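Inside the fold
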Amino acid sequence: MGFSGVDYFGLDDLFTHEQKLIRNTVRQFVDEEVLPIIKESFEAGHFPTQLIPKIAELGLLGATLKEYGGAGIDAIAYGLAMQELERGDSGIRSFCSVQNGLVIYPIYTFGSPEQKERWLPKLIQGEAVGCFGLTEPEHGSDPGAMETVAERDGNYFILNGTKAWITNATLAHVAIVWAKLDGVIRGFLVERGTKGFSTAKIEHKMSARASDTGELYLHDCRIPKENLLPGVEGLKGPLMCLNQGRYAIAWGAVGAAMACYEEAVEYAKQRVQFDKPIASFQLVQEKLVEMLTEITKAQLVCFRLGQLKEVGKGKPVQISLAKRNNVAMALHCARLARDILGANGITLDYQSIRHMLNLESVYTLEGTDHIQTLILGQDITGIQAFK
Ligand code: TGC
Ligand code: FAD
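Residues numbered from 1 in each chain as written. Chains lettered and ligands numbered in written order. Predicted model: local features only at pLDDT ≥ 70, side-chain atom pairs only at ≥ 80, totals over all residues. Heavy atoms only, no water.

Attention shifts here to the site of ligand 2. Around ligand 2 sit 17 residues in total, of which Thr135, Ser141, Trp165, Thr368 and His370 are the nearest. Between ligand 2 and Thr135 there is a distance of 2.7 Å, counted from a nitrogen atom to a side-chain nitrogen or oxygen. Take Ser141: an N or O atom from its side chain is 2.6 Å from an oxygen atom of ligand 2. More than half of the atoms of ligand 2 fall within 2 Å of the grid points belonging to the largest pocket. Listed by contribution, the elements that provide at least two residues to the shell around ligand 2 are β3 (156-167), α9 (352-364) and α10 (369-381). For the shell around ligand 2, the leading source of residues is β3, giving three residues. Across the shell around ligand 2, the residue classes break down as eight nonpolar, eight polar and one charged. When residues are assigned to domains, the shell around ligand 2 turns out to be shared by domain 2 (130-227) and domain 3 (236-381), each giving three or more. (Near = heavy atom within 4 Å. Polar contact = N/O pair within 3.5 Å; in protein donor to acceptor, adjacent residues only side chain to side chain. 1 Å grid on protein atoms, 1.4 Å probe; cavity = no way out; pocket = protein on both sides within 12 Å on 5 of 7 lines; lining within 4 Å. Sits in = over half its atoms within 2 Å of the grid points. Helix = DSSP H or I, 4+ residues; strand = E, 2+ residues; numbered from the N terminus. Nonpolar A, V, L, I, M, F, W, Y, C, P; charged D, E, K, R; others polar. Domains from an automatic or database assignment.)

Another point: the domain arrangement of the protein chain. Looking at the assigned domains, one finds that the protein chain contains domain 1 (11-125), domain 2 (130-227) and domain 3 (236-381). Each of domain 1 and domain 3 has a C-alpha centre, and the two are 20 Å apart. With 28 residues of domain 1 in contact, the opposing surface of domain 3 contributes 34 residues. Of the roughly 2,600 Å² buried where domain 1 meets domain 3, counting both sides, 72% is carbon and sulfur surface. Applying the counting criterion to the domain 1 and domain 3 interface returns two salt bridges. The closest approach of N and O atoms between Asp349 and Lys39, which form a salt bridge, is 2.7 Å. Counting across the domain 1 and domain 3 interface gives seven residue pairs in polar contact (both at pLDDT 80 or more). Contributions of two or more residues to the side of domain 1 that touches domain 3 are made by α1 (17-44), α3 (75-88) and α4 (90-110). Here the side of domain 1 that touches domain 3 gets 10 residues from one element, more than from any other, and that element is α3. (Contact = heavy atoms within 4.5 Å. Buried area = accessible area lost by both parts, 1.4 Å probe. Salt bridge = Lys/Arg side-chain N within 4 Å of Asp/Glu carboxyl O.)

This part is about the layout of surface pockets. Its boundaries defined by the atoms lining it, the largest pocket holds a volume of some 1,200 Å³. As for the largest pocket, its lining consists of 46 residues, of which Thr135, Gly140, Leu242, Glu366 and Gly367 are closest to the centre. Listed by contribution, the elements that provide at least two residues to the lining of the largest pocket are α4, β3, α6 (236-270), α8 (316-340), α9 and α10. In terms of residue count, α4 provides more of the lining of the largest pocket than any other element does, seven residues in total. Its residues assigned to classes, the lining of the largest pocket comprises 19 nonpolar, 20 polar and seven charged. In this structure, the second largest pocket occupies an estimated 630 Å³ of space. In terms of lining, the second largest pocket is formed by 29 residues, of which the most central are Thr64, Leu65, Tyr105, Gln244 and Lys309. Mapped by element, the contributors of at least two residues to the lining of the second largest pocket are α3, α4, α6, α7 (282-310) and α8. Partitioned by chemical class, the residues of the lining of the second largest pocket number 11 nonpolar, 12 polar and six charged. Of the domains in this structure, domain 1 (11-125) and domain 3 (236-381) are the two that each give at least three residues to the lining of the second largest pocket. (Points joined across faces, edges and corners; volume = space filled by probe spheres on them.)

Around ligand 1 sit 27 residues in total, of which Ser94, Asn243, Arg246, Glu366 and Gly367 are the nearest. The contact in question runs from an oxygen atom of ligand 1 to an N or O atom on the side chain of Arg246, over 2.9 Å. Burial of ligand 1 by the surrounding chains reaches 72%, relative to a free accessible area of 1,100 Å². Cavity membership is defined here by more than half of the atoms lying within 2 Å of grid points; on that basis ligand 1 lies in the largest pocket. Ranked by residues supplied to the shell around ligand 1, first place goes to α6 with seven residues. Split by residue class, the shell around ligand 1 holds 14 nonpolar, eight polar and five charged. (Areas by Shrake-Rupley, 256 points an atom, 1.4 Å probe, with all protein chains shown as cover.)

A separate point is the packing of α6 against α9. Contact geometry for α6 and α9: axes closest at 10 Å, N-to-C directions at 155°. Judged by the angle between their axes, α6 and α9 are roughly antiparallel. Handedness of the α6/α9 crossing: left-handed. For the pair formed by α6 and α9, the contact residues are Ile249, Ala256, Ala259, Cys260 and Glu263 on the first element and Ser352, His355, Leu359 and Val362 on the second. Of the residues in the contact of α6 with α9, the class split is six nonpolar, two polar and one charged. (Axes fitted to C-alpha atoms, helices over the stretch in contact; angles between N-to-C directions. Parallel < 35°, antiparallel > 145°, perpendicular 65-115°, else oblique. Left-handed = near helix turned anticlockwise from the far one by under 90°.)

Moving on to the packing of aromatic side chains. Enumeration according to the criterion identifies nine aromatic pairs in this entry. When the centroid spacing of 5.7 Å and the interplanar angle of 65° are considered together, the rings of Phe15 and Phe303 count as edge-to-face. Pair noted here: Phe15 is in the segment before α1 and Phe303 is in helix α7, with a separation of 288 residues, a long-range link. With respect to class, Phe15 is no different from Phe303; both count as buried. Aromatic pair Tyr267 and Tyr350: ring centres 5.7 Å apart, planes at 85°, arrangement edge-to-face. Here Tyr267 is found in helix α6, whereas its partner Tyr350 is found in the loop between α8 and α9, with 83 residues between them in sequence. (Phe/Tyr/Trp six-rings, centres within 6.5 Å; stacked < 30°, edge-to-face > 60°. Buried < 20%, exposed > 50% of the residue type's maximum accessible area, 1.4 Å probe, protein only.)

Here it is, written out as structure tokens:
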């Protein structure tokens, strides 16, 4: 039987017919196409590339765009789709939300007409994959200190630097590379095959194993001057992209938590100890109540955030609150579920440990839990505590 959802507060009554249709379609895709293969992908440490055409066919790439072949769905429908994808695995949501928020979004928002024509249709149809190079080996939470540089050379730019921990790195046909030009952060489109540009997979990860994570190397990499994203200067360019990515993660984390909750409830009802299902013990019930309560609160945060985003009123600080709360919530739920499953909970025959391990990455990426905390602290007090 497929996943029937977790909806304790009747949120389904608030979703439109179209939002539910999209959610249910992605839910079915995850049940039929992701869950049967994800254990092998995770164990092998490979992103299941065979899913890319199907993800594109579902309209999940460029999903909120109305142009260039995008499906033009609303912010809540998009959030629900991310929720369902991450119910399958964080790696599937990552693939999709990086392609959308960190590649299609900056090309659409900051790109030239020629850049849009060249890349958006292919990225939306899943014929091309993109990645987003902001983090460097020595600069993660503080990307403003990046060392990657671009220099002008006639009709070209020469790029030098290294980007680390980049999702979709080795799959990507095009990388959005953020680098300093005359000391100012700018975005550049670097195409695979360009001399001086190479990528390598990061091996031995114990988290996000079904996601492609790698490094980008730029060594005297010469790109045409037309590959500069003309529409933005400064750190606000990549940070605007991160608003999109963090929004997707806030919803995705709910999906991961739902998967763990469902698994824990089913397991607790059938697992017998001391001649009783473990679900009959108060300590186990308390954990299930904690999970359901936290999932419900996170769903309400997402729903309201989605409403605000749809009318252009979602503030970056509200997105930070949702990312921070929902990822910590999901990690907590995954650990509780893993505990309820006892020893069985440490095997990949169940989902909770996979989600738990993935969520350790999600806690760090797109701005760590601390960074989201300090973004909110600054908003509350007016005092910046990063530096
Ligand atoms: P700060 O001086 O605060 O800001 C620089 C400029 O940016 C503006 N700004 C924003 N604009 C849009 N959206 C936001 N959320 C913004 N936050 C700030 C700001 O107004 C300013 O504009 P202007 O015009 O005055 O220049 O910058 P700071 O250097 O003090 O840094 C602030 C801080 C620490 C919050 C920021 O650097 C940060 O968020 N750090 C975390 C880095 C991060 O999140 N990296 C993620 C990399 S990508 C990734 O992880 C993908 S994972 C794949 C997956 O999703 O699975
Ligand atoms: P650091 O910044 O070194 O932080 C280490 C610790 O110090 C953390 O606990 C942090 O919260 C804390 N800390 C740092 N500064 C402060 C402070 N001022 N106050 C309090 N605590 C602080 N990046 C990309 O650009 N593109 C991608 O596609 C991408 N995908 C990723 C995929 C995965 C699976 C992972 C794990 C990471 C990915 N990242 C990507 C990188 C990610 O964004 C960074 O890991 C993240 O921003 C944190 O940077 P860091 O790992 O260098 O940690």
